[in-house]
Amino acid sequence: MPDPRDRPLAALSPVETIDPDRPEAEPEAGIALCLSGGGYRAMVFHVGVLWRLNEAGYLPRLARVSSVSGGSITAGLLGLKWARLDFDQMGVGRGFGAEVVAPIRDLAGRTIDAGAIIGGILLPGGSVSDKVQAAYQKHLFGDATLQALPDRPRFVINATNVQSGALWRFSKPYMADYRVGRVTRPTLPLATAVAASSAFPPVLSPVDIELKPGDWEPVTPGGGVDLHGEPYTTEIVLSDGGVYDNLGLETAWKRYDTILVSDAGGKMQPEPEPERDWVRHILRILDIIDNQVRSLRKRQVIEAFRRNERKGAYWGIRTDIRDYGLADPLACPFDRTTELAKLPTRLARMEPVIQERLINWGYAVGDAALRTHVDPGLRRPAGFPYAAAGV
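Residues numbered from 1 in each chain as written. Predicted model: local features only at pLDDT ≥ 70, side-chain atom pairs only at ≥ 80, totals over all residues. Heavy atoms only, no water.

Digging into helix H2 (residues 70–80)
- Within H2, 11 of the 11 residues are buried, which leaves it mostly tucked inside the rest of the structure.
- Turning to H2, its buried residues number three or more, namely Gly70, Gly71, Ser72, Ile73, Thr74, Ala75, Gly76, Leu77, Leu78, Gly79 and Leu80. (Buried < 20%, exposed > 50% of the residue type's maximum accessible area, 1.4 Å probe, protein only. Helix = DSSP H or I, 4+ residues; strand = E, 2+ residues; numbered from the N terminus.)

The following block contains the structure:
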């Protein structure tokens, strides 16, 4: 059954407002972690972030983990392995290295996007997205479904519904689109949910999910669910969650009062001589639109922290660690971390030393943000997870 604390389906709308005259509508006390998209770059960077959160005893304190795209690969595995993390009395998961770090690093040593594209186009028996799902299933998730995720923290894996233009969220209690409706206790494979969340357009998108009208909760007439009917309820067409919200904010921001945002997203590069043929020109224009939307979300988050509208912290793969003003951050030269931020957004093999540098960077910048904005009493770590690699 859905969590009784969950609000009605209409409350999942991105235009929901908080009424100051209704205290029950205020965000509730709790910590939500948002893991952005960004392919393997994000997947591995977030491992470093989780490593530091685990050392600090923060993982059991999380109420929600909201993820997008590459972040959903890491979050999905964390959720699947949650019961095997073996938390001690300090809240440190002693199984984190074996259950989360090792499988993610193994996957990061494999290229799955190129093979999926070739296989999906040239070979019979499935689409590109089917091949990606199969790789996730083989290397990370097996036959696990969304029901294998823990009850707490709530893991929310976000995708974009191409039909409705709204966010599609996968979780253990339900999967939903506020314009279409809600499917309770979904038994969808976890690999499928992660593949939908990480289906970067145009090559890995879309992911198609077939459902039956009877899978859905009944909808009250006039309840504000305007697309509850076929084909919206039977042939779901999904794309990368980053198309809608690359920070994974939507499913956390309105619910909890403390938000931790880990951003490993890419950045559009300048193009001194943009192409003028209509195909490449429109792709460039779409990149500009996407970049502006992402930048706006980031600015709004940081400004909300500054105004004390939310507690928490933002850190990014493009952050200069000196900006936190700590006297003793881990050594992260900006030119070195900028190199890591420029890694392509792909599901392509990553050299072991690059993996280690990315993990170290996520660990270090997450530590700096936590000690500056969330927990000033947190002790400085002794060093990087992979001391020889640095950043």
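Overview of the pairing of strand S10 (residues 311–316)
- With 5 of its 6 residues buried, S10 lies for the most part within the structure.
- Direction of pairing for strand S9 (residues 256–263) relative to S10: parallel, over a ladder of 6 bridges. Bridged to leucine 260 within S10 is alanine 313. (Pairing = 2+ DSSP bridges.)

Some thoughts on the packing of aromatic side chains
- Under the counting rule described, the total for this entry stands at 8 aromatic pairs.
- Each ring, one from tryptophan 51 and one from tyrosine 386, has its centre 5.6 Å from the other, and the planes form 80°; the classification is edge-to-face. Separated by 335 residues along the polypeptide, tryptophan 51 in helix H1 (residues 39–55) and tyrosine 386 in the segment after helix H11 (352–374) bring together distant segments of the chain.
- Note on tryptophan 82 and phenylalanine 155: the rings are 6.0 Å apart at their centroids and 70° apart in plane angle, and the pair reads as edge-to-face. (Phe/Tyr/Trp six-rings, centres within 6.5 Å; stacked < 30°, edge-to-face > 60°.)

Remarks on the confidence of the model for the protein chain
- Scored by pLDDT, the protein chain comes out at a mean of 88, with 85% of its residues at no less than 70.
- Segment residues 1–5: pLDDT under 50, and 11 contacts once partners within four positions in sequence are set aside and those in other chains are kept.
- Across residues 12–24, confidence stays below pLDDT 50; counting only partners more than four residues off in sequence or on other chains, it has 22 contacts. (pLDDT = per-residue confidence, 0-100. Contact = heavy atoms within 4.5 Å.)

Remarks on H11
- Compared with the 33 Å implied by 1.5 Å per residue over 23 residues, the 31 Å span of H11 between its first and last C-alpha is a close match.
- Along H11, 17 of the 23 residues are buried, which leaves the element largely enclosed by surrounding structure. (Expected span 1.5 Å × (residues − 1).)

Notes on the packing of helix H5 (residues 128–141) against helix H6 (residues 190–197)
- Two elements in contact, H5 and H6, have axes whose closest approach is 9 Å; the angle formed by their N-to-C orientations is 125°. It follows from the interaxial angle that H5 and H6 lie oblique. Crossing angle aside, the handedness with which H5 passes H6 is right-handed. Every residue of H6 that contacts H5 at Val132, Gln133, Tyr136, Gln137 and Phe141 is listed here: Leu190, Ala191, Thr192, Val194 and Ala195.
- Here the residues of the contact of H5 with H6 are counted per class, giving 7 nonpolar, 3 polar and no charged. (Axes fitted to C-alpha atoms, helices over the stretch in contact; angles between N-to-C directions. Parallel < 35°, antiparallel > 145°, perpendicular 65-115°, else oblique. Left-handed = near helix turned anticlockwise from the far one by under 90°. Nonpolar A, V, L, I, M, F, W, Y, C, P; charged D, E, K, R; others polar.)

Concerning the environment of glycine 79
- Relative to the assigned elements, glycine 79 resides in helix H2.
- Assessed through its relative accessible area of 2%, glycine 79 is described here as buried.
- Measuring from C-alpha to C-alpha, the distance between glycine 79 and phenylalanine 155 comes to 6.7 Å, with 76 residues separating the pair along the chain.
- Residues within four places of glycine 79 in sequence aside, it is in contact with Ala148, Leu149, Pro150 and Phe155.

Quick notes on the pattern of salt bridges
- Enumeration according to the criterion identifies 22 salt bridges in this entry.
- Taking the shortest distance from any N to any O, the salt bridge between arginine 371 and aspartate 367 comes out at 3.1 Å. Pair noted here: arginine 371 and aspartate 367 are both in helix H11, with a separation of 4 residues, about one helical turn. Take arginine 371 and aspartate 367: they sit in the same class, and that class is buried.
- Ionic contacts of the salt-bridge type, sharing partners, join the residues Arg52, Glu55, Asp328, Asp367 and Arg371 into one network. (Salt bridge = Lys/Arg side-chain N within 4 Å of Asp/Glu carboxyl O.)

A word on the pairing of strand S4 (residues 167–170)
- Burial of S4 is two-sided: the residues Leu167 and Arg169 facing one way and the residues Trp168 and Phe170 facing the other way are all buried.
- Where strand S3 (residues 154–161) and S4 come together, 4 bridges link them in antiparallel fashion. Bridging across to S4, alanine 159 finds its partner in tryptophan 168.
- Turn length for the S3-S4 hairpin, with the two strands adjacent in sequence and antiparallel, is 5 residues, and the turn residue glycine 165 shows positive phi of about 80°.
- When S4 meets strand S5 (residues 174–177), the two strands line up antiparallel, connected through 2 bridges. Bridge pairing in S5 places arginine 169 opposite alanine 176.
- Where S4 folds back on S5, the antiparallel hairpin that results is connected by 3 residues.

So, the packing of H1 against H11
- At a minimum axis distance of 7 Å, the contact between H1 and H11 shows a crossing angle of 50°. For the element pair H1 / H11, the angle class is oblique. For the element pair H1 and H11, the recorded crossing hand is right-handed. Note on element contacts: H11 touches H1 through Gln355, Leu358, Ile359, Trp361, Gly362, Tyr363, Val365, Asp367 and Leu370, opposite Arg41, Val44, Phe45, Val47, Gly48, Val49, Trp51, Arg52, Leu53 and Glu55.
- Tallied by class, residues from the contact of H1 with H11 come to 12 nonpolar, 3 polar and 4 charged.

A short note on unusual backbone geometry
- Here the bond from arginine 152 into proline 153 is cis, since omega is 0°, no more than 30 degrees from zero.
- Here glutamate 230 and proline 231 are connected by a cis peptide whose omega angle stands at 0°.
- In this structure, proline 231 sits in the loop between strand S7 (207–210) and strand S8 (235–240).
- Even without being a glycine, aspartate 86 presents a positive backbone phi close to 60°.
- Relative to the assigned elements, aspartate 86 resides in the loop between H2 and helix H3 (96–108).
- A positive phi angle, close to 50°, is found at arginine 185, a residue other than glycine.
- Tracing the backbone through its elements, the reader meets arginine 185 in the loop between strand S6 (181–184) and H6.

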